[in-house]
Amino acid sequence: MPPVTSSAKATPALAAYLRNVNKSFGDGGSRLQVLKEIDLDVRCGDITMLVGPSGCGKTTLISIVAGTLNVDEGPGEVTVFGQDLRKLSKGATTKFRSTSIGFIFQSFNLIPTLSCVENVSVPLLIQGKSTRVAEKKAREVLEQVGMGDRMKHRPTQLSGGQQQRVAIARALVHDPRLIICDEPTAALDSKNGTLVMDIFESVARSPDRAVLIVTHDNRIFPHANRIASMDDGRIIEVHDIDAAHPLPENLRHGFHS
Ligand SMILES: Nc1ncnc2c1ncn2[C@@H]1O[C@H](COP(=O)(O)OP(=O)(O)O)[C@@H](O)[C@H]1O
Ligand SMILES: [Mg+2]
């Protein structure tokens, strides 16, 4: 496990702490500011959902939390499990990501030449586990996501929903403390969507783990503890949902991009 700093923000209850995060792409006349003064807390024990119209910056924001994108120079803080990601070297960031983060890409990013078991083994092989150990764990997690009968298939032999479940298995296989998913249930029917959300629930119910989900899928809003709404690069509203604060009416109807 990466060392935890003694910073006051590094409380174990906070998976991610972002303050005044700005992100631009391009430079000069073509510079586009995609994230503007973002503040966000992702708490351990929670499922946090990020919603908002297409192009508002959701994927950019979760990539920053995952350490795959850097924020702009200048002020701003990105602390994940007590690690100030801006201060980590490239190598240390990669190591941090390989132990702490499970990322499910919108486009799945499975390796086409590898079978399901081999794809799901990759995070463990990166950690230096043997093929035997990695594939044993990969098979267990594939069973868990209902893909036990497709172990040897290649991604091209699977439906979109099946590929997505393989991508979810790959994100879970190394028991990361933070699962980040870009539209995890969009390609899933309601049975498999429920199965996947039950898995995310079981991850998030642990006091030192968290789930962060970008979604438009109003079927899964009832699983959220916190819903942050984005628009045009900003977080415009944060709803904490509990017994006293049920899902707001506008979220019950879902978002459309
Ligand atoms: N690598 C990139 N280079 C230039 N522009 C980008 C890049 N990635 C994203 N963008 C732009 O940033 C904006 C936000 O994108 P994104 O974070 O993918 O939005 P969302 O996930 O909410 O649909 C969009 O206008 C998109 O075109
Ligand atoms: Mg996106």
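This text follows the structure it describes.
Parameters at a glance
Residues numbered from 1 in each chain as written. Chains lettered and ligands numbered in written order. Predicted model: local features only at pLDDT ≥ 70, side-chain atom pairs only at ≥ 80, totals over all residues. Pairing = 2+ DSSP bridges. Helix = DSSP H or I, 4+ residues; strand = E, 2+ residues; numbered from the N terminus. Axes fitted to C-alpha atoms, helices over the stretch in contact; angles between N-to-C directions. Expected span 1.5 Å × (residues − 1). Buried ≥ 20, exposed ≤ 12 C-beta atoms within 10 Å, placed from the backbone. Core = buried A, V, L, I, M, F, W, Y, C linked by C-beta atoms within 7 Å. Contact = placed C-beta atoms within 7 Å. Parallel < 35°, antiparallel > 145°, perpendicular 65-115°, else oblique. Left-handed = near helix turned anticlockwise from the far one by under 90°. Nonpolar A, V, L, I, M, F, W, Y, C, P; charged D, E, K, R; others polar.

Quick notes on the sheet that holds strand β7 (residues 178-182)
Next up, step 1: Across the sheet, which stays open at both edges, the six strands sit in the order β6-β7-β8-β3-β9-β10 with mixed pairing between neighbours. Only two strands of the sheet have a single neighbouring strand rather than two, namely β6 (101-104) and β10 (234-240). Pairs of neighbouring strands in the sheet enclose a mean axial angle of 15 degrees, with direction left out of account.
Next up, step 2: Pairing of β6 with β7 involves four bridges; the strand directions are parallel. Along β7, the bridge assignment pairs Ile104 with Cys181.

A short note on the sheet that holds strand β5 (residues 83-84)
Next up, step 1: Taken together, four strands build an open sheet; the order of strands is β2-β1-β4-β5 and the sheet is antiparallel. Every interior strand has two partners, whereas the edge strands, β2 (32-43) and β5, have only one.
Next up, step 2: Strand direction decides the pairing type here: strand β4 (residues 77-80) and β5, joined by two bridges, are antiparallel. Residue Thr79 lies in a different strand from β5, and its bridge partner there is Asp84.

Quick notes on helix α5 (residues 160-172)
Next up, step 1: Compared with an ideal rise of 1.5 Å per residue, which puts 13 residues at 18 Å, α5 spans 19 Å between its outermost C-alpha atoms and is within 8% of the ideal.
Next up, step 2: Burial in α5 covers these residues: Gln162, Gln163, Gln164, Arg165, Val166, Ala167, Ile168, Ala169, Arg170, Ala171 and Leu172.

Concerning the nonpolar core
In globular proteins that are soluble, nonpolar side chains generally tend to be buried together.
Next up, step 1: Counting 70 residues, the largest nonpolar core has Leu50, Ala169, Ile180 and Leu212 as the members making the most contacts within it.
Next up, step 2: Ignoring any residue separated from it by four or fewer positions in sequence, one finds Leu212 in contact with Val42, Thr48, Leu50, Ile62, Val65, Leu178 and Ile180.

Observations regarding the packing of helix α3 (residues 116-126) against α5
Pairs of packed helices are described in terms of their axes, by the angle between the two and the distance that separates them.
Next up, step 1: Axis separation between α3 and α5 bottoms out at 7 Å; the angle between their running directions is 30 degrees. Our classification of the angle between α3 and α5 gives roughly parallel. Between α3 and α5 lies a crossing of right-handed hand. Contacts between α3 and α5 involve Cys116, Asn119, Val120, Val122 and Pro123 from the first element and Val166, Ala169 and Arg170 from the second.
Next up, step 2: Taken together, the residues of the contact of α3 with α5 break down into six nonpolar, one polar and one charged.

So, to be careful, I would describe these as geometric facts and stop short of saying anything about function.
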